[in-house]
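Coordinate inspection notes
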Amino acid sequence: MNIILLGPPGSGKGTQARHLVETRNMVQLSTGDMLRDAKSSGSELGKKVAAVMARGDLVTDDIVIGLIGERLSQTTAGGFIFDGFPRTLAQADALDNLLKSQSHDLDAVIEMRVDDDALVSRITARSTCAKCGEVYNDITKPLPVDGKCVNCASDEFTRRADDNEDSLRQRLMEYYKKTSPIIGYYYAKGLLDQVDGLGAIYEVQWAISEVLDK
Ligand code: AP5
Ligand code: MG
C-alpha cells in the first residue's frame, strides 16, 4: 500500500509516518528529512538548499523529484509513505509517472487538517533526536526526564533552523499557494481522505488506521 500524508507544516506528517513504519512495515520517504540529511552531510546539494529551507521556501521541483526517483526502486513489503511530497502539481504529476514506471499504485492520500494557531504552537515547541529523528514536543510529548531518547537513548536533540515564526509564516504561505491545489487534484482522482489532525497523537493514529483498513 502506497500513501501520501498531506498537510501544512506541523500537522503531524512525520509523527504519523514514524508510527506507520513501526506498525505496518512501511517505508517513510520524507523529502524534508532527505534535504536535511544532505545539509548535514555538507554535500553540494545540501549547500544549495540550506538557505531556501531556512527561509521557508520550497526547493525546486527537479531536486525533490530526483530524490524520490532514486528511492522508488527499493522494494518494500509494506509500501511507501510519501511525507511532504508531492508539494506542487508538477511534483504530483511526476509522482504519477514514477509510480507507473515502477508498476506501483497510489492507494490513498490523507490530508491532515490542523488550524494555523495550533501549527504555530506545535512548531515552536518541537525538538528532534539528532541520532534517530524521533520527534518531541515541549508541551505534548516532552523530552524524557532522564534526557535520553525513548527510541535510541541518544542525549542529543536539535531544533530545526526553519522552526521560527518568520520561516513558519513563509512555509504556510507556500503551502496554501503551491501545495493546497493538489488536494483538489487527488479529490478528483477519488484518492482523497481527510482526518482531523487536531486530536491527540493516538487519536490521529486511529483515524489514519481507519482510512487504511477500509
Ligand atoms: P518538511 O520537513 O516536510 O517540513 P513541513 O512540511 O514544514 O512539515 P514539518 O516536518 O514541519 O511538520 P510535520 O507535519 O512533519 O509535523 P511533526 O510530526 O514533526 O519540509 C521542510 C522544508 O524542506 C520545506 O519548507 C522546503 O523548503 C523543503 N521541502 C521538503 N519537501 C519538499 C518538496 N516536496 N518540495 C519542495 N521543497 C520541499 O509534528 C510537529 C510537532 O507537533 C512535533 O513537536 C510533534 O510532537 C507535535 N505533534 C504532532 N502531532 C501532534 C498531535 N496530534 N497533537 C499534538 N502535538 C502533535
Ligand atoms: Mg516532518
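Description of the structure in this document. (Residues numbered from 1 in each chain as written. Chains lettered and ligands numbered in written order. Predicted model: local features only at pLDDT ≥ 70, side-chain atom pairs only at ≥ 80, totals over all residues. Heavy atoms only, no water.)

1. Here we look at the packing of aromatic side chains
- In the structure shown here, the tally under the stated rule is five aromatic pairs.
- Here F80 and F82 contribute two aromatic rings whose centre-to-centre distance is 6.1 Å and whose plane-to-plane angle is 40°, an arrangement assigned as tilted. Each member of the pair F80 and F82 is classed as buried.
- Sitting over the ring of Y136, K141 keeps its end group 5.3 Å from the ring centre. (Phe/Tyr/Trp six-rings, centres within 6.5 Å; stacked < 30°, edge-to-face > 60°. Buried < 20%, exposed > 50% of the residue type's maximum accessible area, 1.4 Å probe, protein only. Lys NZ or Arg CZ within 6 Å of the ring centre and 35° of its normal.)

2. What to know about the environment of L95
- Counting through the fold element by element, L95 comes out in helix 5 (residues 89-101).
- C-alpha of L95 to C-alpha of F82: the two residues are 13 residues apart in sequence and 9.9 Å apart in space.
- Apart from the residues lying within four places of it in its own chain, the contact partners of L95 are I4, I68, L72, F82, F85, P86 and Y186. (Helix = DSSP H or I, 4+ residues; strand = E, 2+ residues; numbered from the N terminus. Contact = heavy atoms within 4.5 Å.)

3. Considering the site of ligand 1
- For ligand 1, the set of nearby residues contains 36 residues, the closest of which are T15, D57, R87, R126 and R171.
- R122 places a side-chain nitrogen or oxygen 3.3 Å from a nitrogen atom of ligand 1.
- Between R171 and ligand 1, the recorded distance is 2.7 Å, taken from a side-chain N or O atom to an oxygen atom.
- Within the complex, the protein chains bury 97% of what would otherwise be the 1,000 Å² of accessible surface of ligand 1.
- Residue assignment for the shell around ligand 1 shows that the elements contributing at least two residues are helix 1 (13-24), helix 2 (31-41), helix 6 (116-124), strand 6 (135-137) and helix 9 (201-213).
- Considering each element in turn, the shell around ligand 1 owes the most residues, four residues, to helix 2.
- In the shell around ligand 1, the residues fall into 14 nonpolar, 13 polar and nine charged. (Near = heavy atom within 4 Å. Polar contact = N/O pair within 3.5 Å; in protein donor to acceptor, adjacent residues only side chain to side chain. Areas by Shrake-Rupley, 256 points an atom, 1.4 Å probe, with all protein chains shown as cover. Nonpolar A, V, L, I, M, F, W, Y, C, P; charged D, E, K, R; others polar.)

4. Some thoughts on the pairing of strand 4 (residues 108-113)
- Burial runs high along strand 4: five of the six residues are buried.
- Bridge analysis of strand 1 (residues 3-6) against strand 4 gives four bridges, and the strand direction is parallel. Among the inter-strand pairings, I4 is bridged to a residue of strand 4, identified as V109.
- Pairing of strand 4 with strand 8 (residues 192-196), which is carried by five bridges, proceeds in the parallel orientation. Bridge pairing links V109 to L192 in strand 8. (Pairing = 2+ DSSP bridges.)

5. Some thoughts on the packing of helix 6 against helix 7 (residues 165-179)
- Between helix 6 and helix 7, the least distance of the axes is 11 Å, while the angle of their chain directions is 135°. One finds that helix 6 runs oblique with respect to helix 7. Once helix 6 is placed against helix 7, the crossing between them reads as right-handed. Contact with helix 6, carried on its side by D116, L119, V120, I123 and T124, involves E165, L168, R171, L172 and Y176 of helix 7 and no other residues of that element.
- Grouping the amino acids of the contact of helix 6 with helix 7 by side-chain chemistry returns six nonpolar, one polar and three charged. (Axes fitted to C-alpha atoms, helices over the stretch in contact; angles between N-to-C directions. Parallel < 35°, antiparallel > 145°, perpendicular 65-115°, else oblique. Left-handed = near helix turned anticlockwise from the far one by under 90°.)

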